[in-house]
Structures are given as C-alpha cells and as structure tokens.
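This is what each chain is made of:
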Amino acid sequence: MTSSTETIHELANQKYKYGFVTDIETDSVPAGLSEDIIRLISAKKQEPEWLLEWRLKAYRHWRTMAEPRWPKVDYPTIDFDRIVYYSAPKQRPKLDSLDEVDPELLKTFEKLGIPLEEQKRLTGVAVDVVFDSVSVATSFKDKLGELGVIFCSMSEAVREHPDLVRKYLGTVVPYTDNFYAALNSAVFSDGSFCYIPKGVRCPMELSTYFRINAAGTGQFERTLLVAEDSSYVSYLEGCTAPQRDENQLHAAVVELIALDNAQIKYSTVQNWYPGDEQGKGGIYNFVTKRGICAGVNSKISWTQVETGSAITWKYPSCILKGDGSVGEFYSVALTNHFQQADTGTKMIHLGKNTSSTIVSKGISAGKGQNTYRGLVRIAKSATHARNYTQCDSMLIGDRCGAHTFPYIEVNNNSSQVEHEATTSKIGEEQLFYCRQRGLSEEDAVSLIVNGFCKEVFRELPMEFAVEAQKLLGISLEGTVG
Amino acid sequence: MLKVSNLQARVDGKMILNGLDLEVKAGEVHAIMGPNGSGKSTFANVLAGHEAFEVTGGTVEFEGKNLLEMEPEERAWAGIFLAFQYPVEIPGVGNTYFLRMALNAIRKARGQEELDSVAFMKVLREKVKLLKLRDDLLKRPLNEGFSGGEKKRNEILQMALLEPKLAILDETDSGLDIDALKIVADGVNALRDGTRSVIVVTHYQRLLDYIVPDHTHVLYKGKIVKSGGKELALELEEKGYGWIQESHAA
Ligand SMILES: Nc1ncnc2c1ncn2[C@@H]1O[C@H](COP(=O)(O)OP(=O)(O)OP(=O)(O)O)[C@@H](O)[C@H]1O
Ligand SMILES: [Mg+2]
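So, here is what we can say about the structure in this document. (Residues numbered from 1 in each chain as written. Chains lettered and ligands numbered in written order. Predicted model: local features only at pLDDT ≥ 70, side-chain atom pairs only at ≥ 80, totals over all residues. Heavy atoms only, no water.)

## Side note on the interface of chain A and chain B
Often, the extent of an interface is quoted as the loss of accessible area upon association of its parts. At the interface, 22 residues of chain A touch 36 residues of chain B. Counting the surface lost from both chain A and chain B, the interface buries some 2300 Å², and carbon and sulfur atoms represent 62% of this. Counting every contact that joins chain A to chain B gives four salt bridges. We note a salt bridge from Arg435 of chain A to Glu51 of chain B, for which the minimum N-O separation is 3.4 Å. Within the residue set of the side of chain A that touches chain B, elements represented by two or more residues are α10 (428-436) and α11 (441-452) of chain A. A total of seven residues in the side of chain A that touches chain B trace back to one element, the largest contributor, which is α10 of chain A. Its residues placed into classes, the side of chain A that touches chain B shows eight nonpolar, eight polar and six charged. (Contact = heavy atoms within 4.5 Å. Buried area = accessible area lost by both parts, 1.4 Å probe. Salt bridge = Lys/Arg side-chain N within 4 Å of Asp/Glu carboxyl O. Helix = DSSP H or I, 4+ residues; strand = E, 2+ residues; numbered from the N terminus. Nonpolar A, V, L, I, M, F, W, Y, C, P; charged D, E, K, R; others polar.)

Shown next as structure tokens:
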C-alpha cells in the first residue's frame, strides 16, 4: 500500500494544464525603460499630452523608489532593463462579431475552456478580451450603451472619454503609492475602463479575461471602474497564462470608485503559470488593487481566488470614506511546489458607522508559502466602525508554510474589531472517511479543500464559482495532499 | 466472504491486534464485543485500510482477494463499508452532495452508470424515509454540528445508499435513543438478503435483540478469545468480562 503522502506527491506532479503559447505577431518596443520608451509607448497609443506628462512624472518618481522587500516572498532581483514594456497584436480593423477574431486567439480560449460565444449566448456576459495588452474584441457594447454604461479598453477610454479618465485616473492609487504602482503608471499598456451612470444597475456581469503572451513582456494592466450614485456593477476578472521558462513580471493597478449608495462587486480568478516543480519560471504578480467607498452607504466587495503565479503580492483594499460604507474581502489563496503568496487586504475606516468583513482562506501544499497580511485601521473619525476578520489556513503535507500578520489600529473607542484565526492540517481522518466512502484521494482532497473555501466561493457569481472550483481542482491535482 | 487469519497490527509502535482469527460467511451477522481498548475499532479500521495502523502479520482475504493490498477506496468499491464510531465532520461539504459523490464513485468503480441529480434524489428520498432522517440534515454540511445520534443515523443512511457487501458497524448503537436504535436495526435488516454480511461491534446486547447475530465473539487484548451464538451476548451482559479475562489469563 502506498502511503498517502506518496500519492500526494504523485498528484502534485501533474503538469500545468494551460501551458501553451499562442503565436500572434507582436509589435514590441525595445527592452528597457527610459523617457524615450515612454514617449514611444504614448505615441504608439496616440495619447493626449496630459497623459504623457502623467506617465513621465510617474517614471521620474519611480526612479527614486526601491523595490519593496517587506513581503514574505523570496525571488531573484528583477532586471528592469531587460523587460519589454509594450507589445501589441498587429493592428486589425474593428470587429463586429467574434467570427472576425483571430482563430488562434479563439483556439486559445477554447483550450482554456472559455468559449466566448457560449458565454455570450448562454450567460449574457459581456466579454472584453485583453490579449497581450490591447483589446481585440469587445461585445455587448451596444446593449450596455443604451443604458449609458461604458465598458471598453483603457486606450479607447482615453480617446473617447478623456474627461472621465482624467478626472479619476490615479485618484485611488496615485503614482507615488508604491514601487509597482509607479512603474505601472509610467508604462501601462492597456486595461479596462468601466463607468456606470447614476441609478443604473448593470444588467450583466462585466468580464475580462487576461492573458500574458509575448515572451519576456511584462504586462501592466490598468483598470478603472467608476460607479455613480445608486448604481451597481459586478465585474469579473479571470486569467491564465502560457507556460514559459523566464519569469514574467505582472504589475497591474486596479482602481474602484463607488459614489453615494453605489455597489461594486469585483471578482477575480487568477491562474497564471505558477512555475514548474522545481520553482523555475512562473509569473511574478505584483498588483495594487484599491477601491474607495467615496459616497455614503456605498459598498465594495473584493472576492479573489488565487491559484496561480510563482509569486503573488496583492492586497485588494477598501478606503471606507463615506459614512455607513461597507468593505468586504473574500479570498482563497493556494500555493503549491515553490509558489509564494503574500496577500491580504487593507480596510481603512474613515467614515462613521463603516463596516468591513475579511474572510481569508489560505491553502499551502508542496513547499508553498502562504502569508496573510491584513491591516484594519480605524481612524478617530470612524465612530462606531466595525470589522470582522476570519483568517483560516490549511496545510497539505509538512513541507509548506502558513503565516498570518494581522495589523490592527483602532483610534477610537466606539469601534469593534473581531479577529479569528485558525491553522489546520488537512485531516487524515477526513481523508480516510471520504476514501472509505469510495472517493479517490485526489477527489477527497479537492472536496475537503473546496468545503474549506465554501464561504468565499459563495460570494462569487454562479458561473464564476463553478470555474473557480474547477481551477482549484486543477491546481489541487498539482497541490493535493 | 471474509477470512481473517492471525492478524497482527500496531499503531505508534504499540501492538494492538495480536493474532486475530475470524471467518464471516456470506449472509452472516457477527457481533464483536469486548472491553474498552481491546482493539475492536482498530480491527474495524484495519479492515477498512486506515494507514495509521500498520499490519505486521497475518492475512485478510475478502471474496478471494488479498484485502491488505488494497487502497481504502478500492475496498469501498469492493463492497466494504465502515460505520465509524466517531464520524468526522467535513465543514462546507453538503451532506447530499457528499452522498451523491460517494454513490457515484462506487457505481463508477463497479461499471454502473452514474446517477444524475434527479435520479439520485429519488433513491435518496426512499432511504431517508426508511431511516426517518430529518430533511435539514441533508442540506447541512457533512456531520457538522450533528448530534451524536444524528451522526450515527447518517452513517446508516450512507450504508443504506451504498449497499455494501460487508458492513462493519462500530458502536453504531452507542448514544442512540430507543427509537433510533430500532430505526438503525431496520436499516441493517433491510440490507440483509442472504448474501450481504454484517459485523456489529457493540457493548450492549440490546441492539442484538433487533439485529440478531449468528455468531458472537469476545475480543480481548487484540485476540478473539471466545466465540458463541446469540446467547453469549446475554451471558456477557450479565457477568461482564471478568470471567473471560480470568480464564484467558489462566
Ligand atoms: N491512533 C492511535 N494512537 C495510539 N494509540 C491508539 C490509536 N488508536 C488506538 N490506539 C490504542 O489502541 C488500543 C485499542 O483501541 P481501540 O480503539 O481499537 O479499542 P476499542 O476496543 O474500540 O475500544 P472502545 O470500546 O473504547 O471503543 C487502545 O489502547 C488505544 O488507546
Ligand atoms: Mg472502539
């Protein structure tokens, strides 16, 4: 009889299923970063002067900054001069339907199990595909247009809605915020822009699938989402990348703005290439995501399922400025082999009667290292603020690690902060129980881990929850224990 | 059906089973009794393939196959079912979902078609009716927050659904009220069709009024030290284990 740990290692050694490279001719700028490169990027994108100036300011500021070393992750020094900062698929005429989309691209999505047409037809999800930095397909635009909803690529927004972009870009995450946010501000290639007008409840989930494709190209996405008074939107972000040897840097910035009584639900499934069994390759995912509940009784919910990347460094945060505003963070982070994740959230309470909920589920397997890092700050002005934090870690095998760093700062005494944390090993008795009932070890682990993550999955929109469970299942084949 | 010869097993370096012999024929019900810590649960777990218990000697044959070489799930597929003395809780996993996964895993392994949710619910409802289980227990996470008696009844529901060839009940009667005891016994008796066998581990002869054993055994210090018919259970109830321990020691 093989011991369960042996089987676990076998399971953990299955290959990354989404490892493939799509060959689309790219149009890249030379490697390295200088003011000239930034001017070139801006020119290629035919940007207005103010944006170029903003990029240059960000670049100059970035030059004065050092890479952060406080996260509990370990990686070789990144040579920023070897990165190609811009790459776009060759210009194509505007597309009216998916039939006109590059068949190579469609094949890619098929392999990912994301048939666009099916999605459009069956689920009514509007899909804006960001493929290697430039959007190549946008759908449901007309329907959204009738409601005044803007959902387009950032480049298009800069052209078509410059005033809106100028008003909000960098207001939640200024270019001075951190090293990677500064870099992103200087070189961001594309991303999504969303604007929900006053009183509009966006009738469909807005969805973007990201892919990192050209070899050695760091991807710098910039997403800006504005929800006007009393509007509602649910935004889905999912991604997976082809297998490669070289580490790829990804430094996205996402900014959310919720005005009075507005609600934004932002869900992410992240499944980028995590590197191989020896820890070689994989994506470096250094992301700055932040939302501001600027208006009264507004609400921002972040839900994330993080199964990919060699290194994840990400703290989707909420600034609760409006009185009575609500921030939520639901997270599943899974690390296997040599994957490292340092993730969590910041809830900054400024307004009165603001409340926040944090539910974090960390799963470590192989030699994976999983860190929860969370800050709950309650300002003096935030009277009667409330926070509830639940932070659970599950260990699979005995070579992985889980770490928790909760930071709590309370500056008034009418507020309430609750923190619960648990760490458990996946139960031998639970596994045995499932196997005694006929489940294979792999299915048993997947079942138990999915159960462990239930509180997070139920926050995801239906179709996304199914996909997330599938991804977790796939990652567990390479993570199981 | 099941032939156990000279079975020896240890846990944490400590010998628990010391040459256990037992033969169970198709259709038979065997009761195993014995003082606390004598190795009853260990025996049940070894039969089911728990890896914490290391088999150091002896053989176990199940329907002509070497059981000891099989993985726990392979034993389940072959028809072995263990109703646990302490069923574990699995947070976040719906009871009904689990039941369907288990049944389909076993059906698949046996080359039967998997049941879709409609067909499954039909089968499930039948069994639930038989066991008079409250509906809400099906919707809740597996065993989570179930009372002791509810957990035991849920074990029997699983047994009824999976229709094993050999069911091992480890103190399923402990903690059950009288009505539940009868329901559990009905569940077990419904399974009996002349080919399926049952091993009942119990401390009380009361259960054996409802599930009448063909053979009763006393397990003591990891060995079967006395076997008899149904009346042995009565005798044990009356006299305790002292007399057996003395005669065994002598
Ligand atoms: N995992 C374990 N680690 C260490 N000792 C164990 C373990 N499991 C069982 N034992 C020991 O093995 C012996 C037999 O235990 P077992 O559970 O088989 O007894 P039992 O006959 O079922 O008792 P009871 O009637 O109380 O249920 C006991 O001394 C117990 O402490
Ligand atoms: Mg016992």
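Having seen the structure, we can now continue with the description.
## Observations regarding the side chain of Thr389 of chain A
Residues and elements named next belong to chain A. Relative to the elements of secondary structure, Thr389 occurs in strand β21 (residues 386-395). Using a relative accessible area of 3% as the deciding quantity, one classes Thr389 as buried. At 2.9 Å, the side chain of Thr389 forms a polar contact with the side chain of Asn387. What Thr389 contacts, discounting residues up to four positions off in sequence, is Ile358, Tyr372, Val376, Glu418, His419 and Glu420. (Buried < 20%, exposed > 50% of the residue type's maximum accessible area, 1.4 Å probe, protein only. Polar contact = N/O pair within 3.5 Å; in protein donor to acceptor, adjacent residues only side chain to side chain.)

## Here we look at the layout of surface pockets
Residue and element names in this part refer to chain B. Taken as a whole, the second largest pocket encloses approximately 480 Å³ of empty space. Surrounding the second largest pocket, 17 residues form its lining, Arg100, Met101, Asn104, Ala105 and Glu114 being those nearest its centre. Listing elements by their share of the lining of the second largest pocket, those giving two or more residues are α3 (95-109) and α4 (117-131). In terms of residue count, α3 provides more of the lining of the second largest pocket than any other element does, eight residues in total. Split by residue class, the lining of the second largest pocket holds eight nonpolar, five polar and four charged. (1 Å grid on protein atoms, 1.4 Å probe; cavity = no way out; pocket = protein on both sides within 12 Å on 5 of 7 lines; lining within 4 Å. Points joined across faces, edges and corners; volume = space filled by probe spheres on them.)

## Let's talk about the pairing of strand β17 (residues 326-335) of chain A
Residue and element names in this part refer to chain A. Across the 10 residues of β17, nine count as buried, placing the element largely inside the fold. Pairing geometry for strand β14 (residues 299-306) and β17, over eight bridges, is parallel. Paired with Ile300 across the two strands is Gly327, which belongs to β17. Alignment of β17 against strand β19 (residues 355-364), held across 10 bridges, turns out to be parallel. Looking at β19, one finds that Thr335 is bridged to Ser364. (Pairing = 2+ DSSP bridges.)

Taken by themselves, the reported measurements are silent on function.
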